[in-house]
Amino acid sequence: LANQVSRVTGQTATEQAAPAASALLTNWPLSHTDSPDVLNSYFGPRWRISQNAYEFHPGIDLAAPYGTSVYAAKTGKVRLMTDTSGCKITTPNTTAPAGCTPSYPGGGMIVQLDHGNNVYTNYLHLSSQTPSLTMGATVQAGTELGKVGHSGNTTFDHLHFEVRDGSYYSADTKNPLPYRSEEH
């Protein structure tokens, strides 16, 4: 399965090019340290019991209890926040107007950071966003972005964490693990 080609990236889970040094993440998003967070599901193909089929998982799932703090893995600007239905909002923990089109269906409450050089991180399925977040504001690595939850299309409490390198579009989703450096 590791050699199965992703419809998202066009690569296998093992073909991804090494990230540029400027793209490396400072810390893990839950522990806010160099110590790895607990991985529950890896990037790449995985079995989806509810659909009785394989799907491509475009991030990693980090297991944590409901309400655990989620931190910025690297300094960046707040590019996107969504409500529990995945619709864009400009104020944390609010609801978009009725009839909105979700920007990330199934992702639930999300914060996306722009780290420059077309590198972005996504933090999905949050139970809440930090009230002081503002669109376009720079947040330092280690700034609390929100709390772990299970909003959107999920069945358990966890953080779904993504790295997008090339653009903020899903076609540029990459395996986050190579973006962690042992030197940090």
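Structure: above.
The sections below set out a description of the structure shown in this document. In this text, all values refer to a predicted model and were calculated from it rather than measured experimentally.

1. Describing empty space enclosed by the protein
- Per the stated rule, a full pass over the model turns up 1 cavity of 30 Å³ or more.
- Forming the boundary of the largest cavity are Leu 25, Asn 27, Trp 28, Pro 29, Ile 60, Phe 161, Pro 176, Leu 177 and Arg 180.
- When its residues are assigned to classes, the lining of the largest cavity shows 7 nonpolar, 1 polar and 1 charged.

2. Regarding the nonpolar core
- Of all hydrophobic cores here, the largest spans 31 residues; its most connected members are Leu 113, Tyr 123, Leu 145, Leu 159 and Phe 161.
- For this core, the secondary structure elements donating two or more residues are strand E4 (60-63), strand E6 (76-82), strand E8 (109-114), strand E9 (119-129), strand E11 (144-148) and strand E12 (158-165).

3. Let's talk about the state of the cysteines
- Within this structure, the stated rule accounts for 1 disulfide.
- In this model Cys 87 forms its disulfide with Cys 100; the gap between the sulfur atoms is 1.7 Å. Looking down the S-S bond of the Cys 87 and Cys 100 bridge, the torsion is 80°, so its handedness is right-handed. Of the two residues, Cys 87 is situated in the loop between E6 and strand E7 (88-89) and Cys 100 in the loop between E7 and E8; the sequence distance between them amounts to 13 residues.

4. A word on the side chain of Asn 175
- Of note, Asn 175 is situated in the segment after strand E13 (173-174).
- A polar side-chain atom of Asn 175 sits 3.1 Å from the main-chain amide nitrogen of Leu 177.

5. Side note on the environment of Thr 82
- Mapping Thr 82 onto the fold places it in strand E6.
- Separated by 30 residues in sequence, Thr 82 and Gln 112 place their C-alpha atoms 9.0 Å apart.
- Dropping the residues within four chain positions of it, Thr 82 is found in contact with Cys 87, Lys 88, Ile 89, Ser 103, Gly 108, Met 109, Ile 110 and Gln 129.
- At 2.8 Å, the side chain of Thr 82 and the backbone oxygen of Gly 108 are in polar contact.

6. Quick look at the pattern of salt bridges
- According to the stated counting rule, one finds 5 salt bridges in the structure shown.
- The closest approach of N and O atoms between Arg 180 and Asp 34, which form a salt bridge, is 3.4 Å. With a gap of 146 residues between them, Arg 180 in the segment after E13 and Asp 34 in the segment before strand E1 (39-41) connect regions that are remote in the sequence.
- Classification of Asp 34 by relative accessible area gives partly exposed; the value is 40%.
- Residue Glu 162 is joined to Arg 164 by a salt bridge in which the shortest nitrogen-to-oxygen separation is 2.9 Å.
- In the salt-bridge network here, residues are joined through shared partners; they are Arg 46, Glu 55 and Asp 61.

Calculation criteria
- Every chain begins its residue count from 1, and numbering advances along the sequence as written.
- The predicted origin of the model limits local features to residues at a pLDDT of at least 70 and limits the giving and counting of side-chain atom pairs to 80 or more, whereas totals for whole chains, interfaces and linings rest on all residues.
- Based on all heavy atoms of the structure, the side-chain values leave hydrogens and waters out of the count.
- In this analysis a 1.4 Å probe is tested at points of a 1 Å grid over the protein atoms alone, and where it fits but cannot get out there is a cavity; an open set with protein on both sides within 12 Å along at least five of seven lines is a pocket; lining residues have an atom within 4 Å of a point.
- Grid points are joined across faces, edges and corners, and a volume is the space filled by probe spheres set on the points.
- By the convention adopted, Pro, Cys, Tyr, Trp, Phe, Met, Ile, Leu, Val and Ala count as nonpolar, Lys, Arg, Asp and Glu as charged, and the other residues, Gly among them, as polar.
- To qualify as a nonpolar core, a set must consist of buried Ala, Val, Leu, Ile, Met, Phe, Trp, Tyr and Cys residues joined through side-chain atoms within 4.5 Å.
- Residue exposure (1.4 Å probe, protein chains only): buried if accessible area is under 20% of the type maximum, exposed if over 50%, otherwise partly exposed.
- Strands are runs of DSSP state E lasting at least 2 residues, helices are runs of H or I lasting at least 4, and numbering of each runs from the N terminus.
- A pair of cysteine sulfur atoms is labelled a disulfide when the two atoms are within 2.5 Å.
- We call two N or O atoms a polar contact when they sit within 3.5 Å, provided that within protein one can donate a hydrogen and the other can accept it, with sequence-adjacent residues counted only if both atoms are side-chain atoms.
- By the convention used here, residues are in contact when the closest approach between their heavy atoms is within 4.5 Å.
- The term salt bridge refers to a side-chain nitrogen of Lys or Arg lying within 4 Å of a carboxyl oxygen of Asp or Glu.

Without other data, these values stay purely geometric and don't point to any function.
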